[in-house]
Amino acid sequence: MVPSGPLVQKQAAPEPGPDAERKPWRCLVFYLCFYGFMAQLRPGESFITPYLLGPDKNFTLEQVTNEITPVLSYCYLLVLVPVFLLTDYLRYKPVLVLQGLSYVAVWLLLLLGTSVRHMQCMELFYSVTMAARIAYSSYVFSLVRPARYQRMAGYSRAAVLLGVFTSSVLGQLLVTLGRVSFSTLNYASLGLLIFSLVLALFLKRPRRSLFFNRDAPGRSGASPSELDRMNPDAPRGAALLGAWRDWTLVRMLRELGDSLRQPQLRLWSLWWVFNSAAYYLIVYYAHILWNVVHTTTVYNGAADAASTLLGAITSFSAGFVKIRWALWAKLVIASVTAVQAGLVFLMYSTNSIWLCYVAFVLFRGAYQFLVPIATFQIASSLSKELCALVFGVNTFLATVLKTIITLIVSDKRGLGLPVHSQFLIYFGYFLVLFVIYLLGAMLVIVQHVQEARRAPPEPGSPAEKAMPMLSTHSSGLSGLQPTAPPQTSPEQHPQPEAKA
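Criteria and thresholds
- Residues numbered from 1 in each chain as written.
- Predicted model: local features only at pLDDT ≥ 70, side-chain atom pairs only at ≥ 80, totals over all residues.
- Heavy atoms only, no water.
- UniProt positions renumbered as here; feature names shortened; annotations may be inferred.
- Phe/Tyr/Trp six-rings, centres within 6.5 Å; stacked < 30°, edge-to-face > 60°.
- Helix = DSSP H or I, 4+ residues; strand = E, 2+ residues; numbered from the N terminus.
- Buried < 20%, exposed > 50% of the residue type's maximum accessible area, 1.4 Å probe, protein only.
- Salt bridge = Lys/Arg side-chain N within 4 Å of Asp/Glu carboxyl O.
- Core = buried A, V, L, I, M, F, W, Y, C linked by side-chain atoms within 4.5 Å.
- Domains from an automatic or database assignment.
- Contact = heavy atoms within 4.5 Å.
- Disulfide = S-S within 2.5 Å.
- 1 Å grid on protein atoms, 1.4 Å probe; cavity = no way out; pocket = protein on both sides within 12 Å on 5 of 7 lines; lining within 4 Å.
- Points joined across faces, edges and corners; volume = space filled by probe spheres on them.
- Patch = residues over 30% accessible without salt bridge, like charges linked within 9 Å, V, L, I, M, F, W, Y side chains within 5 Å.
- Areas by Shrake-Rupley, 256 points an atom, 1.4 Å probe, with all protein chains shown as cover.
- Polar contact = N/O pair within 3.5 Å; in protein donor to acceptor, adjacent residues only side chain to side chain.

Taking an unreviewed UniProt entry as the reference, the chain is identified by name as Reduced folate transporter belonging to Nyctereutes procyonoides. The heading Sequence similarities (unreviewed entry) in the UniProt record of the chain holds the text "Belongs to the reduced folate carrier (RFC) transporter (TC 2.A.48) family." The Function (unreviewed entry) field of the UniProt record for the chain holds the comment "Transporter that mediates the import of reduced folates."

Encoded structure:
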């Protein structure tokens, strides 16, 4: 007897077993991580500043500091939001291809450009590559099941860090041991970037994304809204209003406003905004500072490699820190900020290139230590979509702040300060942040101590156990006390006040 209809379909399409699922999973992980590794192989990147200041391009220090580098912050602010929205709307892969094309344009302008305007265009394309980095991290989560998010994120992040480390070490070895010129190093970077662009063309394009390409309510099995169930004959205007309220971005913006009431979310988001802005300014201008401190000793690649390795170690170790973050978070942030302020001051005041390198490596390691902690504290109470929106808003606000500081401090239309004076400004910036966080930490600790004193003893505590014992002794001793005399009027014998 032949089974009918749904039973035939059910038997004809059995669920894939673990072995059938493991092969595409492994291939997908391998190819994506290989692309992430190859996209970071730019051995000439650590030596762009000495290349621009050297005989190959012969730009002046003032041109690089006050005319070329500030353009990066301005352009990044302009392209951040459009690239963020296009990443989700176009489903990641086209933006990764755009990132590869922008990298190729950067190195073509770097090799063939001859004017300040050409270098400013180079910074424009480099800002596109920075904004498109979100496509790689978001692309990872659109291809796998939620159960594999953590493992996939670890693999992809490790591939990126390994690529940055390998690129920096390779560049330093070619310069120091191979005596390769900066120009040749940039040609090698261009060839590697073209290869990574070809790899991006063969990436799988996902069907869904977080915001614009979600499953329709009917296909995903979602139930109709409460308004539709209560009033199915509602007019079209009310239906449109309900659809607007249920639109993903609008709904998440409302949820974001409610989430900002959480103290830990506010604290770590503010840290992300204020610390990230100054961190990236230090990273942008550190290479220029190194060229001022010492023009002949060039170990930029080694410093970048060491800072990447230390950042990976501190990020990993941060996962093992188990404390009461609601109580100690501000004190931890204040301590790390104080270390950052001291390291920035050391970079400002020292004349030793080696101390400058060490301070830079430790500075990046201190920042990378708090990044995973902030990520977890922000993401622990939010959905995946809302978490992406929070990080996007934090990054945008940090970019706005960074652009304002650049316009005032670095740009020739503002103060146009030399690089040493800029680092003094950044030292004061971190010092102010340290004082604010320290005062906040002291206030939190004082409030905690006061609440602990006012709180009743917990059940099972020594004080709580002592209460019934005292009550028993008191009842036993009451029989030994003399009988109270007969009561008289208050006028004859006034009673003393009861002791507290």
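The rest of the description comes next.
Observations concerning the packing of aromatic side chains
Under the counting rule described, the total for this entry stands at 24 aromatic pairs. When the centroid spacing of 6.0 Å and the interplanar angle of 75 degrees are considered together, the rings of Trp 268 and Trp 325 count as edge-to-face. Of the two residues, Trp 268 sits in helix α15 (residues 263-293) while Trp 325 sits in helix α17 (residues 325-349), which places them 57 residues apart along the sequence. Assessed through its relative accessible area of 0%, Trp 268 is described here as buried.

With respect to the pattern of salt bridges
Per the stated rule, a full pass over the model turns up three salt bridges. Between Lys 412 and Glu 67 there is a salt bridge, and its shortest N-O distance comes to 3.8 Å. One end of the pair, Lys 412, is in the loop between α19 (384-410) and α20 (419-454); the other, Glu 67, is in helix α4 (residues 61-68), and 345 residues separate them in sequence. We note a salt bridge from Arg 413 to Asp 411, for which the minimum N-O separation is 3.0 Å. Its relative accessible area of 3% is what places Asp 411 among the buried residues.

Some details on the nonpolar core
The biggest cluster of nonpolar side chains holds 116 residues, and the ones touching the most others in it are Trp 268, Trp 271, Met 347, Leu 370, Phe 423 and Tyr 426. Per element, the largest residue contribution to this core is 18 residues, and it comes from α15. Viewed by domain, this core spans two of them, domain 1 (22-208) and domain 2 (257-454), each represented by three or more residues. With sequence-adjacent residues up to four places away left out, Phe 423 is seen in contact with Ile 282, Tyr 285, Ala 286, Leu 289, Val 344, Met 347 and Tyr 348.

A closer look at the state of the cysteines
Note: disulfide means a covalent bond formed between the sulfur atoms of two cysteine side chains. Summed over the entire model, instances satisfying the criterion amount to zero disulfides. Free cysteine: Cys 75, not disulfide-bonded; nearest cysteine sulfur from Cys 121 at 8.5 Å.

Digging into empty space enclosed by the protein
Enumeration over the complete set of coordinates arrives at one cavity of 30 Å³ or more. Reported here for the largest cavity is a volume of approximately 60 Å³. Taken together, Pro 50, His 287, Trp 290, Asn 291, His 294, Thr 297, Val 298, Asn 300, Ile 353 and Tyr 357 make up the lining of the largest cavity. With three residues, the top contributor of residues to the lining of the largest cavity is α15.

Regarding a nonpolar patch on the surface
Taken together, Val 81, Leu 85, Phe 396 and Leu 397 make up a surface patch of nonpolar side chains, about 290 Å² in accessible area. Mapped by element, the contributors of at least two residues to the nonpolar patch are α5 (70-89) and α19. If you trace the backbone, Phe 396 turns up in helix α19.

Some remarks on the side chain of Ser 189
Turning to its location among the elements, Ser 189 is positioned in helix α10 (residues 182-201). Side-chain polar atoms of Ser 189 contact the backbone nitrogen of Gly 44, separated by 2.9 Å. Not counting chain neighbours up to four residues away, the residues in contact with Ser 189 comprise Arg 42, Pro 43, Gly 44 and Trp 107.

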